[in-house]
Amino acid sequence: MKRHALDDLSLWKQNPRRKPLLLTGARQVGKTWLMKEFGDSAYQNTAYIDFTKNERMRTLFSGNISPDALLPELELYMGHAIEPGKTLLIFDEVQEVPRALTSLKYFNEQAPEYHLMCAGSHMGIALHQGTSFPVGQVNTLRLYPLTFYEYLQAVGEDRFIAPLQDLSLLSMKAFNSTLHDYLKRYFLVGGMPEVVAAYAARQDFAEVRSLQEAIFETYDNDLSKHAPAKEVPRIRWLLDSIPRQLAKENKKFVYGQIKKGARGRDYELGIMWLHDIGIVYRANNLTQATYPLKMFEDPTAFKLFLHDVGLLSCHSGIDERILLDGTELFDKSKGALTEQYVAQELTATWPSDLYYWSNSAGNAELDFVIQSAPPAGVLPIEVKPGINLKAKSLKVFQEKFSPAVSIRFSLADYKVNHNKDGSITIDVPLYAVESLPALLERVIADEDISNV
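Read on for an overview of the structure. These figures come from a predicted structure and were not determined experimentally. (Residues numbered from 1 in each chain as written. Predicted model: local features only at pLDDT ≥ 70, side-chain atom pairs only at ≥ 80, totals over all residues. Heavy atoms only, no water.)

Brief notes about the overall build of the protein chain
Then, number 1: Of regular secondary structure, the protein chain possesses 17 helices and 13 strands.
Then, number 2: The C-alpha extent of the protein chain, read off along each of the three principal axes, is 70 × 50 × 45 Å.
Then, number 3: When each of the 452 residues of the protein chain is scored for burial, the buried share is 54%.
Then, number 4: In the protein chain, the share of contacts with a sequence separation of at least 24, taken over all contacts with a separation of at least 6, comes to 69%.
Then, number 5: Carbon and sulfur atoms provide 48% of the accessible area of the protein chain, an area that totals close to 19500 Å².
Then, number 6: For the protein chain, the distance from the average position of its 49 positive side-chain charges to the average position of its 56 negative side-chain charges is 6 Å. (Helix = DSSP H or I, 4+ residues; strand = E, 2+ residues; numbered from the N terminus. Buried < 20%, exposed > 50% of the residue type's maximum accessible area, 1.4 Å probe, protein only. Contact = heavy atoms within 4.5 Å. Areas by Shrake-Rupley, 256 points an atom, 1.4 Å probe, with all protein chains shown as cover. Lys, Arg positive; Asp, Glu negative; His and termini not counted. Charge placed at Lys NZ, Arg CZ, Asp CG, Glu CD.)

Right under this line is the structure:
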């Protein structure tokens with residue numbers, strides 16, 4: 001399958017100020033595959049070292065971890081030379097030998113001509129006691145589940161990708177029903193690489209669910225291994241509550257939805273861990289939607305999303321037969337899957353954090369607010385699970401903050417709407433969320449919004 005991150009790795013390789021690369025992301029999002037694929041396609045050879053239960057590497061890295069000491073031993077272990085610029089050196093599951101992570105500092109300082117990449121359990125890296133993280137000595141790249149465009153390519157429908165990326169959205173109207181059908185399937189399958197590959201090969205939803213349940217077991221094993229024993233049940237309850245949280249009309253995270261009498265101070269650490277290791281995405285509330293947004297966030301009010309819509313549909317017990325019910329899946333549980341999908345697409349493709357906004361009266365909640373470069377600045381986003389474009393919360397937001405550009409994601413067709421105050425509202429099909437950065441750039445170039 002083709003991953004967008006391969007382009008990022010190519011830029012890393014070409015960068016004259018390249019540092020060792022730490023590839024992060026949740027378990028089973030495809031980090032090992034990506035590193036090996038890049039090594040096979042961009043280098044003459046690859047030196048791949050898996051630190052899992054590797055006593056030889058544990059012994060080697062317990063001593064001198066300078067490149068001069070390590071490289072001859074690593075070449076002996078691999079059975080071939082490790083040549084600067086020609087060999088990609090990969091350290092996988094690096095959390096199993098913490099001093100291997102520390103060695104990245106010395107590779108950067110003493111041997112920058114070597115191309116070194118590593119990955120591992122982000123929980124193990126973040127929480128491993130005694131790990132000396134090489135701050136400022138590495139480049140980092142976060143890998144996410146497959147986006148919807150990557151999913152289309154993986155299941156053999158890459159014919160749609162070029163027109164979507166080229167922003168030929170008006171010409172896509174004729175394929176709306178087809179793309180909506182693929183989007184429904186993506187809601188069930190999601191973007192975890194192993195799951196997508198199995199579905200692409202056999203279209204077996206029972207196998208899809210089995211693989212997704214196995215992923216949850218992997219996460220549970222990771223938590224049991226790295227988290228303090230008293231935190232493990234709390235984190236499990238947290239994960240179990242997310243479908244209920246997103247099924248509410250007001251999707252603000254409520255501790256009482258975890259279990260009766262639950263208090264925030266008992267679950268703050270668990271939420272932080274789940275967010276840091278990439279299993280959940282977090283959108284903080286805004287006290288006011290003013291640029292820059294970071295200065296006006298309220299971290300005590302937030303929404304949580306799982307990192308993959310397929311895992312959410314599995315965790316929610318949604319059956320594949322709902323594919324037969326028209327567009328009902330988009331509106332299932334008050335649009336929970338639709339909002340989840342938009343959250344993960346924006347997280348993977350938009351450079352700023354996710355926020356949301358609600359007014360003090362409690363009668364308006366805007367799904368997302370993101371930050372864009374001027375002249376757009378603050379970008380409000382309303383998510384509609386159908387074709388009904390009535391957006392009360394967006395209207396309240398517009399009247400209060402007068403944004404130059406607003407976005408509505410829905411099943412309706414693409415359209416640029418000109419508002420009376422000179423601002424614009426862009427209707428973007430749900431299947432084109434990934435095109436928002438390029439689309440926004442083009443629309444702003446075509447429209448005069450400098451005076452809004």
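Some words on the sheet that holds strand β13 (residues 424-429)
Then, number 1: The eight strands are arranged β7-β6-β8-β9-β10-β11-β13-β12 in an open sheet whose pairing can be described as mixed. Looking at the sheet topology across the chains shown, the edges are occupied by β7 (297-306) and β12 (415-418). Geometrically, the sheet is characterised by an average inter-axis angle of 30° between neighbouring strands, direction not taken into account.
Then, number 2: Where strand β10 (residues 378-383) lies against strand β11 (residues 405-410), three bridges are found, and the strand directions are parallel. Opposite V383, over in β11, you have F409 as the bridge partner. (Pairing = 2+ DSSP bridges. Axes fitted to C-alpha atoms, helices over the stretch in contact; angles between N-to-C directions.)

Quick word on the packing of helix α10 (residues 193-202) against helix α11 (residues 205-226)
Then, number 1: The N-to-C vectors of α10 and α11 enclose an angle of 170°; their axes lie 9 Å apart at closest approach. Taken together, α10 and α11 sit at an angle that is classed as roughly antiparallel. Taking contact as the criterion, the partners of E194, V195, A198, Y199 and R202 in α10 are, on α11, F205, E207, V208, L211, Q212 and I215.
Then, number 2: The residue inventory of the contact of α10 with α11, partitioned by class, reads seven nonpolar, one polar and three charged. (Parallel < 35°, antiparallel > 145°, perpendicular 65-115°, else oblique. Nonpolar A, V, L, I, M, F, W, Y, C, P; charged D, E, K, R; others polar.)

Some thoughts on the pattern of salt bridges
Then, number 1: Evaluated as defined, the whole model comprises 18 salt bridges.
Then, number 2: Linking R236 and D220 is a salt bridge whose minimum nitrogen-to-oxygen distance equals 2.6 Å. With R236 in helix α12 (residues 232-247) and D220 in helix α11, this pair connects stretches of sequence that are 16 residues apart.
Then, number 3: Counted as one network, the salt bridges with shared partners bring together R27, E93 and D222. (Salt bridge = Lys/Arg side-chain N within 4 Å of Asp/Glu carboxyl O.)

Considerations on the packing of helix α4 (residues 67-78) against helix α5 (residues 98-110)
Then, number 1: Axis separation between α4 and α5 bottoms out at 10 Å; the angle between their running directions is 105°. In terms of orientation, α4 and α5 fall into the roughly perpendicular class. For the pair formed by α4 and α5, the contact residues are P67, L70 and L71 on the first element and S103, Y106, F107 and Q110 on the second.
Then, number 2: For the contact of α4 with α5, a count of residues per class yields five nonpolar, two polar and no charged.

Some remarks on helix α17 (residues 436-446)
Since there are 3.6 residues in each turn of an α-helix, residues three or four apart along the chain are aligned in direction.
Then, number 1: Turning to α17, its buried residues are L436, L439, L440, V443 and I444. Angular distribution of buried residues about the axis of α17 spans 125°; they occupy a single face of the element. Exposed positions of α17 whose direction lies more than 90 degrees from the buried face are E441, A445 and D446.
Then, number 2: Packed against the buried residues of α17 are α15 (328-349), β9 (365-371), β10, β11, β12 and β13. (Arc of directions from axis to C-beta.)

Topic: the pairing of β10
Then, number 1: Among the six residues in β10, six count as buried, and that is most of the element.
Then, number 2: One ladder, built from four bridges, connects β9 with β10; its direction is antiparallel. What sits directly across from Q371, in β10, is V378.

Interpretation note: all reported values are geometric properties and have no functional meaning in isolation.
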